[in-house]
Structures are given as C-alpha cells and as structure tokens.
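Okay, here's what each chain looks like letter by letter:
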Number of protein chains: 2
Amino acid sequence: MIRLFERIIGMADENQMTCCRMTLAQCHALVEVGRTKDISLNQLSQMLELDNSTLSRTVNNLVVSGLAERYEDPNDRRYIKIKLTEQGMMNFHAIEETMNTYYETLFQMIPEEKRDQVIDSIHILNEVGSKIMCCVKEKKNEE
Amino acid sequence: MIRLFERIIGMADENQMTCCRMTLAQCHALVEVGRTKDISLNQLSQMLELDNSTLSRTVNNLVVSGLAERYEDPNDRRYIKIKLTEQGMMNFHAIEETMNTYYETLFQMIPEEKRDQVIDSIHILNEVGSKIMCCVKEKKNEE
DNA sequence: GAAATAAATTTGCATATTACAACTATTTTA
DNA sequence: TAAAATAGTTGTAATATGCAAATTTATTTC
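Residues numbered from 1 in each chain as written. Chains lettered and ligands numbered in written order. Predicted model: local features only at pLDDT ≥ 70, side-chain atom pairs only at ≥ 80, totals over all residues. Heavy atoms only, no water.

(A) Region of interest: the side chain of S40 of chain A. All names here are of chain A. Along the chain, S40 turns up in strand β1 (residues 39-40). Judged by relative accessible area, S40 falls into the buried class, the value being 2%. With residues near it in sequence (within four places) discarded, S40 still touches Y79, I80, K81 and I82. (Helix = DSSP H or I, 4+ residues; strand = E, 2+ residues; numbered from the N terminus. Buried < 20%, exposed > 50% of the residue type's maximum accessible area, 1.4 Å probe, protein only. Contact = heavy atoms within 4.5 Å.)

Set out below in structure tokens:
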C-alpha cells in the first residue's frame, strides 16, 4: 500500500526530471518564477523553503544561462526582482507542457468509469495532506 | 487538478526530508540497502538509477558516518557488498517509521466511507503510471 | 536629524551530489 | 595465456545546500 504510493511519487518525479537539460533546483526556481511572473529573491526562497544564499546562486545560474533577469525593485532598492527572459519563458512552457502531457496521459489511461473516483480521491488526499502539514508546521513553530 | 497532485507529492517529499540530519541521497541509499539487506554497489546504482561513481561516494559517506559497511563478495572479488551497521539499521527504521506514521495519519484522516475508494484509486494510478513508464523506457531504449 | 537596528542580497566557506573519464583489480572470453 | 569485459574508485568540473560574514538600503529609535 505505502510502497505503491511511493512508486507513484517516484514516477511523477521522473517525468519532471525530463526537462531541457536543467538541474532540478533550476527547474523548481524557473517554474516558480514563471508562475508568479515577478518575484523577489526573498519571496522565492520562502516559497521553495530554501536558504537565500542557495537561491541567490541558483538564480545566478539561470541568469548566466540567459533564462532569467535580475532587476532592482523601484520601490525598495534592497530588493532584487527576478523575471524570465523570452528563452526562460520558452523553457518554462516546455516544462509545464511535459508535466501536463504526463498527467493527461495518466488520466486518459484510467478507465472512464473510475475517473471521477480518482479525481475525488486526489481532492481528499490533498485536503487531508494539508491538514497534516498544518499540524507539522505548528509543531515547528513551537520548537 | 494537476496542481493538486503536485501539492500531494510535495507534501510527501517534505515528510521524507524530516530524516535524522541526513541528506536525501543518503536517505535513499540507506533505505534501499536496509530493504534489500545485502546489495552490491552496482545493483544499488541500478536501483537508484544513478552513476556508480555517485553511489560510491554516497556510500562512502554512509560508511564514514558509521551507518554502513563495505565488504568484499566472497564469490567475486570485483564486487563490493554493502550492509548497514546497527546504527544504520536504527536510522533505517527511524526513516521507515516516519514515513509509516505520515501515511497512517493520512489514511486515518480520510473519511471512513471513502477509504476503499482512495485505496482503489491509488492502485489504479500505480498501474497506469507503470504503463506510461514502460512506454517511456521503450522510447529511451530506441534512442 | 543622527545613530542604531533591521532587512535583502551577495559572497566565503565547507560539505554533498552528479556524471563523464581514467585508472586499477578481478573475472570472463577467445 | 592474452585480450576483453566488468566492478569499483578517483579525478575533474559543475551545481546544490546552509551557516556566517559583509555590504547596501530602509526603518526605527532617541
């Protein structure tokens, strides 16, 4: 039972890794910037739950690769904002499409009479998972 | 829909990371050795789909930390076998328990009348996911 | 208004991961 | 028996990660 769930996760991870010769960390950063459009480095590190220094370097790699740009926030010059270049947007869309294709294929291969059930179950798992994460985060804050 | 699924995966990953101050790669290696009991480095790198050199170093870190031992295969002296130390087994069990606790909590929080449905859905997802992976791996072999 | 404090980012430092290539020792093949 | 194949280790280079320190900018305190 538990092993099955772990396998499902592993398979989805494997598909995500099939991305444009980029590392996973760069993927995560690129996708987050692509979805949020305009984000400060501070926000990005909070979203990805990584240290600022880590994100600073990862973003630097994206910038060097021509996938992202850094610019100064006009309202507060301490802040660096990050946005994707045209090339970066192309990579972002490629990644999103790869994942969309995987999940679409996944759901199309589910027997038709079971689809609603599977979708409902995913909603349930998400809701329950969120509750567990709330408890975990409360414990972290207490420590 | 797709975002929901991604969130579920993210949450399970986050729980797996709550491991004994070890890195994720070390976790993976430790768990695989713990489950397989006695495995060669070659087999381990195939299972984890990583390069031999990578695993050699990761295992070396485990050995240095006192969690694993290397020994020569009596039947073929090219082979190095890996097994966990007592300390390693303790860490292995700790990791397995952390994950078991997470999933148990997860399923207990699912409404009782929905549990069979969710379990069935997970079986379906696994089966379908495996089929997709088969196709992907056939494509890789052709390239 | 000046000084102290806080906040954002970058860089130094150390450790770890990853894969390709080269090397060594052992086993298998011809 | 020599050549080829195999398993594992090490060199190399690039990247990831977090803690600490440094720099710049903004906010707060007096």
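(B) Here's a closer look at the protein's contact with DNA strand D. For DNA strand D, the set of nearby residues contains 23 residues, the closest of which are S53 and N61 of chain A together with N42, S56 and R57 of chain B. For DNA strand D, the backbone portion of the atoms within 4 Å of the protein, that is sugar and phosphate, comes to 65%. S56 of chain B is positioned such that a nitrogen or oxygen atom in its side chain is 2.7 Å from a phosphate oxygen of DNA strand D. Measuring from a phosphate oxygen of DNA strand D, one finds a side-chain N or O atom of Y79 of chain B at 2.9 Å. Of all elements in the fold, only α2 (24-36) and α4 (52-64) of chain A together with α3 (41-47) and α4 (52-64) of chain B reach the threshold of two or more residues within the surface near DNA strand D. Of the residues belonging to the surface near DNA strand D, the class tally is five nonpolar, 10 polar and eight charged. (Near = heavy atom within 4 Å. Polar contact = N/O pair within 3.5 Å; in protein donor to acceptor, adjacent residues only side chain to side chain. Nonpolar A, V, L, I, M, F, W, Y, C, P; charged D, E, K, R; others polar.)

(C) View of unusual backbone geometry. In the Ramachandran plot, E49 of chain A falls in the positive-phi region, its phi being about 55° despite a non-glycine side chain. In this fold, E49 of chain A is placed in the loop between α3 (41-47) and α4. In this model, K37 of chain B sits at a positive phi of 75°, which is unusual for a non-glycine residue.

(D) Seen up close, the packing of helix α2 (residues 24-36) of chain B against α4 of chain B. Residues and elements named next belong to chain B. Where α2 contacts α4, the axes come no closer than 10 Å and their chain directions differ by 85°. By the angle class used here, α2 and α4 are roughly perpendicular. Contacts between α2 and α4 involve A25, Q26, A29 and L30 from the first element and L55, T58, N61 and L62 from the second. Within the contact of α2 with α4, the residues separate by chemical class into five nonpolar, three polar and no charged. (Axes fitted to C-alpha atoms, helices over the stretch in contact; angles between N-to-C directions. Parallel < 35°, antiparallel > 145°, perpendicular 65-115°, else oblique.)

(E) Inspection of the side chain of S45 of chain B at higher detail. All names here are of chain B. With respect to the secondary-structure elements, S45 resides in helix α3. Polar contacts involving the side chain of S45 include one to the main-chain carbonyl oxygen of N42, which spans 2.9 Å. Discounting residues that sit within four places of it in the chain, S45 has contacts with L50, D51, N52 and L55.

(F) Spatial organisation of the sheet that holds strand β3 (residues 80-84) of chain B. All names here are of chain B. Here we have three strands laid out as an open sheet, ordered β1-β3-β2, and antiparallel in their pairing. Edge positions in the open sheet fall to β1 (39-40) and β2 (68-72), since each of these has one partner strand only. Pairing between β2 and β3: five bridges, direction antiparallel. Bridging from a neighbouring strand, E72 pairs with I80 of β3. Contacting β2 and β3, α4 crosses the sheet at an angle of about 115° to β2. (Pairing = 2+ DSSP bridges.)

(G) Summary view of α4 of chain A. Residues and elements named next belong to chain A. The end-to-end C-alpha separation of α4 is 18 Å, in line with the 18 Å expected for 13 residues at 1.5 Å each. L55, T58, V59 and L62 are the residues of α4 that are buried. The buried residues of α4 all sit within an arc of 100° when viewed along its axis, so they share a single face. More than 90 degrees from the buried face of α4, the exposed residues found are R57 and V64. Residues of α4 that are buried sit in contact with α2, α3, β2 (68-72) and β3 (80-84). In the stretch just after α4, G66 is the one whose phi turns positive, near 80°. (Expected span 1.5 Å × (residues − 1). Arc of directions from axis to C-beta.)

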